[in-house]
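Next come the chains, spelled out residue by residue.
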Amino acid sequence: MSSIQTAHATAASNPVTASAGRLPASLVLLLATGAGLAVASIYYSQPMLGVLGADIGASSRAVGFMPTLTQLGYALGILLLAPLGDRFDRRRIILAKAAVLCAALLLAGAAPGIGWLLVASLAIGLSASMAQDIVPAAATLAPEAHRGKVVGMVMTGLLLGILLSRVVSGFVAEHFGWRSMFVVAAASIALVGVAAWRGLPRFRPTTQLAYGALLGSLAALWHRHGALRRATVAQSLLAIGFSAFWSTLAVMLHGAPFHLGSAAAGAFGLAGAAGALAAPLAGRLADRRGPELVTRLGAALVVLSFAAMALMPLLSAPARLWLLAASAVGFDLGVQAALIAHQTIVYGIDPAARSRLNAVLFTGMFIGMAIGSALAALVLPSWGWLGVTVLATVSALAALAVRLSAPARPARSSAAPR
């Protein structure tokens with residue numbers, strides 16, 4: 001019995017189970033919302049870092065490690081926990097992670113100082129990896145004829161969660177305080193957990209591999225496939241600049257000459273969302289012209305967008321803000337376009353190992369994000385925003401170099417460790 005047949009048969013009495021070869025819109029909405037709210041938990045802190053640090057008396061360097069730990073935790077969650085979705089009922093994993101994530105967000109909201117905030121940040125990242133359990137759940141439930149559409153809608157929810165989280169958290173922190181944002185986030189995850197408990201069917205495991213063997217297969221895939229290595233390295237390099245910008249933007253805007261609050265920093269997420277919403281066009285271009293071209297165009301756009309910020313010292317304060325917004329649109333579009341193309345490349349390597357290939361790609365990407373926020377937290381106090389701009393531009397140039405060195409058409413292989 002196939003995975004989709006198993007999931008549907010197990011939930012035959014569930015009113016949200018697909019009928020007539022289609023998933024109910026309510027189930028697709030649940031999956032997209034759950035993925036978006038889960039991954040948003042990683043980014044709520046970024047626009048609040050300026051006011052948060054001042055409130056608890058922590059240095060900008062110390063609070064800068066909050067996004068580092070959430071992103072590192074997310075990467076570890078994908079690497080160490082996501083493969084369990086092949087071994088156990090994915091529904092139970094989603095529910096368990098939702099409970100832990102809710103508790104971690106409440107801990108962050110009640111934390112008396114930076115130490116507990118850092119502990120909570122790591123726990124938030126680990127449990128927020130439930131987003132990477134929801135995406136393969138959507139792929140399993142969706143009928144084959146509509147799988148791309150369903151997964152695309154869930155990924156749109158995930159991307160919007162990443163970008164709009166900054167808008168929401170900036171507004172809430174500005175008007176109700178940063179602690180309120182963590183409480184609101186915990187409530188949203190609790191609601192997702194209840195909806196998933198009521199609406200998701202059970203999933204039968206697809207492998208009996210022991211935990212160590214599951215992790216070992218990830219390493220085997222990495223060593224076997226050069227296309228996987230290139231895609232992961234290039235996307236992680238792009239993620240360094242992406243994270244360096246977003247993790248230090250609030251601190252930079254909080255100081256001279258802008259003196260702006262968390263709401264203004266969060267509003268830049270709207271610019272990023274505009275870039276992400278345009279990114280699906282890259283998928284169509286990848287279908288027509290090949291994903292390799294899209295990875296190169298995406299990386300080149302990121303380079304140009306970050307390099308343009310070097311002009312900021314020559315501009316007035318209002319003009320600098322406009323340039324920041326335009327750059328955010330450009331590099332977010334480039335990063336998301338490259339990600340879509342890299343997923344196309346990686347999923348073509350071995351359809352039977354897509355979950356594990358996806359885990360490798362996203363683990364590398366979020367390790368890059370953790371490195372980017374950590375380096376930016378060190379660079380900003382010493383070299384200012386220009387230093388962050390140089391860091392982001394150099395990392396994007398390195399990603400472009402990786403893509404330019406790749407074959408025009410990556411080789412495919414159906415062999416993979418099972």
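Residues numbered from 1 in each chain as written. Predicted model: local features only at pLDDT ≥ 70, side-chain atom pairs only at ≥ 80, totals over all residues. Heavy atoms only, no water.

### Comments concerning the overall build of the protein chain
Next up, step 1: Looking only at helices and strands, one finds 17 helices and zero strands in the protein chain.
Next up, step 2: A total of 418 residues make up the protein chain; the buried ones form 56% of that total.
Next up, step 3: Looking at the protein chain as shown, the accessible area adds up to about 16400 Å², and 68% of this sits on carbon and sulfur atoms. (Helix = DSSP H or I, 4+ residues; strand = E, 2+ residues; numbered from the N terminus. Buried < 20%, exposed > 50% of the residue type's maximum accessible area, 1.4 Å probe, protein only. Areas by Shrake-Rupley, 256 points an atom, 1.4 Å probe, with all protein chains shown as cover.)

### Describing a nonpolar patch on the surface
Next up, step 1: On the surface, Leu72, Leu76, Leu80, Leu81, Leu122 and Tyr211 cluster together to form a nonpolar patch covering roughly 420 Å² of accessible area.
Next up, step 2: Ranked by the residues each element gives to the nonpolar patch, the list is headed by helix H5 (residues 65-80), at three residues.
Next up, step 3: Secondary-structure assignment places Leu122 in helix H7 (residues 114-128). (Patch = residues over 30% accessible without salt bridge, like charges linked within 9 Å, V, L, I, M, F, W, Y side chains within 5 Å. Salt bridge = Lys/Arg side-chain N within 4 Å of Asp/Glu carboxyl O.)

### Re the packing of helix H15 (residues 291-308) against helix H16 (residues 317-347)
Helices that pack against each other are described as a pair by the angle of their axes relative to one another and the distance between those axes.
Next up, step 1: Closest axis-to-axis distance for the H15/H16 pair is 8 Å, and the angle between their directions is 160°. Taken together, the axes of H15 and H16 are roughly antiparallel relative to one another. Once H15 is placed against H16, the crossing between them reads as left-handed.
Next up, step 2: Of the residues contributing to the contact of H15 with H16, the split by class is 14 nonpolar, eight polar and one charged. (Axes fitted to C-alpha atoms, helices over the stretch in contact; angles between N-to-C directions. Parallel < 35°, antiparallel > 145°, perpendicular 65-115°, else oblique. Left-handed = near helix turned anticlockwise from the far one by under 90°. Nonpolar A, V, L, I, M, F, W, Y, C, P; charged D, E, K, R; others polar.)

### Details of the pattern of salt bridges
Next up, step 1: Counted under the stated rule, the structure contains three salt bridges.
Next up, step 2: Residue Asp133 is joined to Lys97 by a salt bridge in which the shortest nitrogen-to-oxygen separation is 2.8 Å. Of this pair, Asp133 sits in helix H8 (residues 131-141) while Lys97 sits in helix H6 (residues 90-110), and the two are 36 residues apart along the sequence.
Next up, step 3: Take Asp133: its relative accessible area is 0%, and that puts it in the buried class.
Next up, step 4: In this structure, Glu292 engages Arg296 in a salt bridge whose closest nitrogen and oxygen atoms are separated by 3.5 Å. Taken together, the residues Glu292 and Arg296, both in helix H15 and four residues apart, mark about one turn of the helix.

### A short note on the packing of aromatic side chains
Next up, step 1: One pass over the structure, following the stated rule, counts eight aromatic pairs.
Next up, step 2: For the pair Phe245 and Trp246, a centre-to-centre distance of 5.0 Å together with 85° between the ring planes defines the contact as edge-to-face. Just as Phe245 is buried, Trp246 falls in that class too.
Next up, step 3: An aromatic cluster of at least three residues, connected via ring pairs, comprises Phe242, Phe245, Trp246, Phe306, Phe331 and Trp385.
Next up, step 4: It is Arg87 that lies over the ring of Phe88; its NZ or CZ is 5.1 Å from the centre.
Next up, step 5: Between Arg90 and the ring centre of Phe203, over which it is positioned, the NZ or CZ distance is 5.7 Å. (Phe/Tyr/Trp six-rings, centres within 6.5 Å; stacked < 30°, edge-to-face > 60°. Lys NZ or Arg CZ within 6 Å of the ring centre and 35° of its normal.)

### Concerning the side chain of Arg320
Next up, step 1: One can find Arg320 in helix H16.
Next up, step 2: A polar contact of 2.9 Å, which involves the side chain of Arg320, links it to the backbone oxygen of Met312.
Next up, step 3: If we ignore the near neighbours within four places in the chain, the residues touching Arg320 are Pro257, Phe258, Met312, Pro313 and Leu315. (Polar contact = N/O pair within 3.5 Å; in protein donor to acceptor, adjacent residues only side chain to side chain. Contact = heavy atoms within 4.5 Å.)

### Observations regarding the confidence of the model for the protein chain
Next up, step 1: Of the residues in the protein chain, 85% have a pLDDT of 70 or more, and the chain-wide mean is 83.
Next up, step 2: When mean pLDDT is compared element by element in the protein chain, H6 scores highest at 96, while helix H1 (residues 3-10) scores lowest at 42.
Next up, step 3: Throughout residues 1-20 the model reports pLDDT below 50, and contacts reaching past four residues in sequence, or to other chains, amount to 31 contacts.
Next up, step 4: For the stretch residues 410-417, pLDDT sits under 50, and the model shows 22 contacts to residues farther than four places along the chain or on other chains. (pLDDT = per-residue confidence, 0-100.)

### Digging into helix H11 (residues 211-224)
Residues three or four positions apart in an α-helix share a direction because the helix packs 3.6 residues into each turn.
Next up, step 1: For H11, spanning 14 residues, the distance from its first C-alpha to its last is 20 Å, which sits close to the expected 20 Å at 1.5 Å a residue.
Next up, step 2: Residues Leu214, Ser217, Leu218 and Leu221 constitute the buried set of H11. Angular distribution of buried residues about the axis of H11 spans 105°; they occupy a single face of the element. In H11, those exposed residues whose orientation departs by more than 90 degrees from the buried face are Gly212 and His223.
Next up, step 3: Contacts from the buried residues of H11 go to H5, helix H12 (226-254) and helix H17 (354-404). (Expected span 1.5 Å × (residues − 1). Arc of directions from axis to C-beta.)

### Brief notes about the environment of Gly50
Next up, step 1: Along the chain, the position of Gly50 falls in helix H3 (residues 49-56).
Next up, step 2: The class for Gly50 is buried, based on a relative accessible area of 13%.
Next up, step 3: When the C-alpha atoms of Gly50 and Leu253 are compared, they prove to be 8.6 Å apart, with 203 residues separating the residues in sequence.

### Quick word on the packing of helix H2 (residues 25-40) against H8
Next up, step 1: Contact geometry of H2 with H8 gives a least axis separation of 8 Å together with a crossing angle of 160°. Classified by the angle between their axes, H2 and H8 sit roughly antiparallel to one another. As H2 packs across H8, the resulting crossing turns out to be left-handed. Along its contact with H2, which presents Leu27, Leu31, Gly34, Ala35, Ala38 and Val39, the element H8 presents Ala131, Ile134, Ala138 and Leu141.
Next up, step 2: Grouping the amino acids of the contact of H2 with H8 by side-chain chemistry returns nine nonpolar, one polar and no charged.

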